[in-house]
Amino acid sequence: GNNKTMAESEVGNFLKEFLWLRKNIFSFNPDAVISVDIHANLLTMLNKFFWGKDHPVILTTHINLEKTLAEKSTPLLKKLITKIAGYFYNKADVNVCVSNGVASSLKKTLKLKKNPIVIYNGVPPVKNRKAKNNQKILLSVARFDEQKDHESLINAFSLVQKKMPDYRLWLAGEGPKKFSLQRLVKRLGLKDKVKFLGWINAFFMSKADVFILSSKREGLPYALLEAMAAGFPVISTDTPFGPSEILENGRYGLLVSPGNVKALAKAILDILGDRRKANFYARKSRERSRFFSEERMLSSYKQIIL
């Protein structure tokens, strides 16, 4: 019974969103429609299919769709969604992906006839943060859900504590896993060392020494780009896709394999234990973030739309 009502409400919501979008497309009569990720992309294409308005449609993909479907749906559902999405994505005027990895995976997963265009997310320029000497804070900014794998980060931090007990870990974010993460922190005896900040713009108020991304999968992690623009040395898991493209395989920040607690702890100790290395990667972050400028992103979209 319960599953049925859930499925019914999902379908009901989809229909409501579909009609809401239709109403807005008719009232605004846009020159082009840009939509983001699979849910909105399918709604947008269904609208075009049924009402054939002649505006161009640009579908953008920010996630690792193949892995997301593999981890969040049954094999049968995955097959069905892939088939439907493949049909509609092939009918879009343009497919845009936020990284090369996402683009090649999307093309393969949905059997796209044309290569998607890659447009990196851009970050606005940031005032350089004042590098306070050694505030002894590690920072992570991410939703609390399974994809972001805070468990590995918290476990790595507990290893760091054994060598560097003065450090604290700040977790900015909200999400379904918050309570289980708080329980893990308590179980590891880190309650006084780990702070849950909620959704704040942590970068600009932060006195952190290093920024850490511990995800299992990504498209092009925006928080990582923002942290680099703010001049943090960064440590990231080498997820498919995104981080290795941003960090050029480790040239602009440290990469460790996803879920590897020991490797993550070692990378953290490595940066914290060597001021020169930390300063070097802080400079590298800023240098690299200029490539991911908002201006470049907007002018790329302008070229497609015009």
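Below: a short report on this structure. Quick caveat: nothing in here was measured; it's all calculated off a predicted structure.

1. Section: the overall build of the chain
Looking only at helices and strands, one finds 13 helices and ten strands in the chain. Over its C-alpha atoms the chain spans a radius of gyration of 21 Å, differing by no more than 12% from the 19 Å that the globule rule assigns to 306 residues. Across its three principal axes, the chain shows a C-alpha extent of roughly 60 × 50 × 35 Å. Counting every position in the chain, which comprises 306 residues, the buried fraction comes to 47%. When contacts within the chain are restricted to residue pairs at least 6 apart in sequence, long-range pairs at least 24 apart make up 70% of them. Accessible surface for the chain amounts to roughly 16100 Å². Of this, 56% is attributable to carbon and sulfur atoms.

2. Examining the nonpolar core
Residues Leu138, Ile154, Leu169, Ile212, Ile235, Leu264 and Ile268 are the most contacted members of the largest nonpolar core, which totals 28 residues. When contributions to this core are tallied by element, the ones reaching two or more residues are α6 (150-163), β6 (168-172), α7 (178-187), β8 (210-213), β10 (254-256), α11 (261-272) and α12 (275-289). Ranked by residues supplied to this core, first place goes to α11 with six residues. Val98, Ala223, Leu224 and Leu247 belong to the second-largest nonpolar core, a separate cluster that totals 25 residues.

3. Brief notes about the side chain of Asp37
Position of Asp37 relative to the elements: it lies in helix α2 (residues 37-51). Despite its burial, Asp37 pairs with no opposite charge, the nearest such side chain being Arg143 at 8.8 Å. Beyond its immediate sequence surroundings of up to four residues, Asp37 is in contact with Thr60, Thr61, His62, Ile63 and Tyr89.

4. Details of the pairing of strand β9 (residues 234-237)
Here β9 shows a buried face lined by Val234 and Ser236 and a second buried face lined by Ile235 and Thr237. As judged from the three bridges shared by β8 and β9, these two strands associate in the parallel manner. Among the inter-strand pairings, Leu213 is bridged to a residue of β9, identified as Ser236. Between the parallel elements β8 and β9, the chain passes through helix α9 (residues 222-229) in a crossover that is right-handed.

5. Concerning the side chain of Asn121
Tracing the backbone shows Asn121 in the loop between β4 (117-118) and β5 (137-141). Its relative accessible area of 12% is what places Asn121 among the buried residues.

6. Comments concerning the pairing of strand β3 (residues 94-97)
Judged by which residues are buried, β3 turns out to be covered on both faces: Val94 and Val96 on one side and Asn95 and Cys97 on the other are all buried. Both strand β2 (residues 57-61) and β3 contribute to a ladder of four bridges, which runs parallel. Bridging across to β3, Thr60 finds its partner in Val96. Between β3 and its parallel partner β4, the chain crosses via helix α5 (residues 100-109), and the hand of that crossover is right-handed.

7. With respect to the sheet that holds β3
Overall, parallel pairing links the four strands, which are arranged β1-β2-β3-β4 in an open sheet. Every other strand in the sheet has two partners, leaving β1 (33-36) and β4 as the edge strands with one partner each.

8. Thoughts on the pattern of salt bridges
Evaluated as defined, the whole model comprises 13 salt bridges. A salt bridge links Asp93 to Lys48, with the shortest nitrogen-to-oxygen separation between them at 4.0 Å. Pair noted here: Asp93 is in the loop between α4 (75-91) and β3 and Lys48 is in helix α2, with a separation of 45 residues, a long-range link. Overall, Asp93 belongs to the partly exposed group, its relative accessible area being 35%. Residue Lys148 pairs with Glu218 through a salt bridge whose shortest N-O separation is 2.7 Å. Here Glu218 lies in the loop between β8 and α9 and Lys148 lies in the loop between β5 and α6, a separation of 70 residues in the sequence. Lys148 gets classed as buried once you look at its relative accessible area, which sits at 10%. Salt bridges here are not isolated pairs; linked through shared partners, they connect Glu71, Glu146, Lys216 and Arg217.

9. Quick look at a nonpolar patch on the surface
Together, Leu15, Leu19, Phe26, Phe49, Phe50, Trp51 and Tyr87 line one region of the surface with nonpolar side chains, adding up to about 710 Å² of accessible area. At the level of secondary structure, the elements contributing two or more residues to the nonpolar patch comprise α1 (2-28) and α2. With respect to the helices and strands, the residue Tyr87 is situated in helix α4.

10. Examining the packing of α6 against α11
The N-to-C vectors of α6 and α11 enclose an angle of 50°; their axes lie 8 Å apart at closest approach. Judged by the angle between their axes, α6 and α11 are oblique. Pair α6 / α11 crosses with right-handed handedness. Contact residues: α6 offers Ser152, Leu153, Asn155, Ala156, Leu159, Val160 and Lys163, while α11 offers Val261, Lys262, Leu264, Ala265, Ile268, Leu269 and Leu272. Counted by class, the contact of α6 with α11 contains ten nonpolar, two polar and two charged residues.

Reading the values: rules and limits
- Residues numbered from 1 in each chain as written.
- Predicted model: local features only at pLDDT ≥ 70, side-chain atom pairs only at ≥ 80, totals over all residues.
- Heavy atoms only, no water.
- Helix = DSSP H or I, 4+ residues; strand = E, 2+ residues; numbered from the N terminus.
- Rg over C-alpha atoms; globule rule 2.2 N^0.38 Å.
- Buried < 20%, exposed > 50% of the residue type's maximum accessible area, 1.4 Å probe, protein only.
- Contact = heavy atoms within 4.5 Å.
- Areas by Shrake-Rupley, 256 points an atom, 1.4 Å probe, with all protein chains shown as cover.
- Core = buried A, V, L, I, M, F, W, Y, C linked by side-chain atoms within 4.5 Å.
- Lys, Arg positive; Asp, Glu negative; His and termini not counted.
- Salt bridge = Lys/Arg side-chain N within 4 Å of Asp/Glu carboxyl O.
- Pairing = 2+ DSSP bridges.
- Right-handed = clockwise from strand over helix to strand, strands pointing away.
- Patch = residues over 30% accessible without salt bridge, like charges linked within 9 Å, V, L, I, M, F, W, Y side chains within 5 Å.
- Axes fitted to C-alpha atoms, helices over the stretch in contact; angles between N-to-C directions.
- Parallel < 35°, antiparallel > 145°, perpendicular 65-115°, else oblique.
- Left-handed = near helix turned anticlockwise from the far one by under 90°.
- Nonpolar A, V, L, I, M, F, W, Y, C, P; charged D, E, K, R; others polar.

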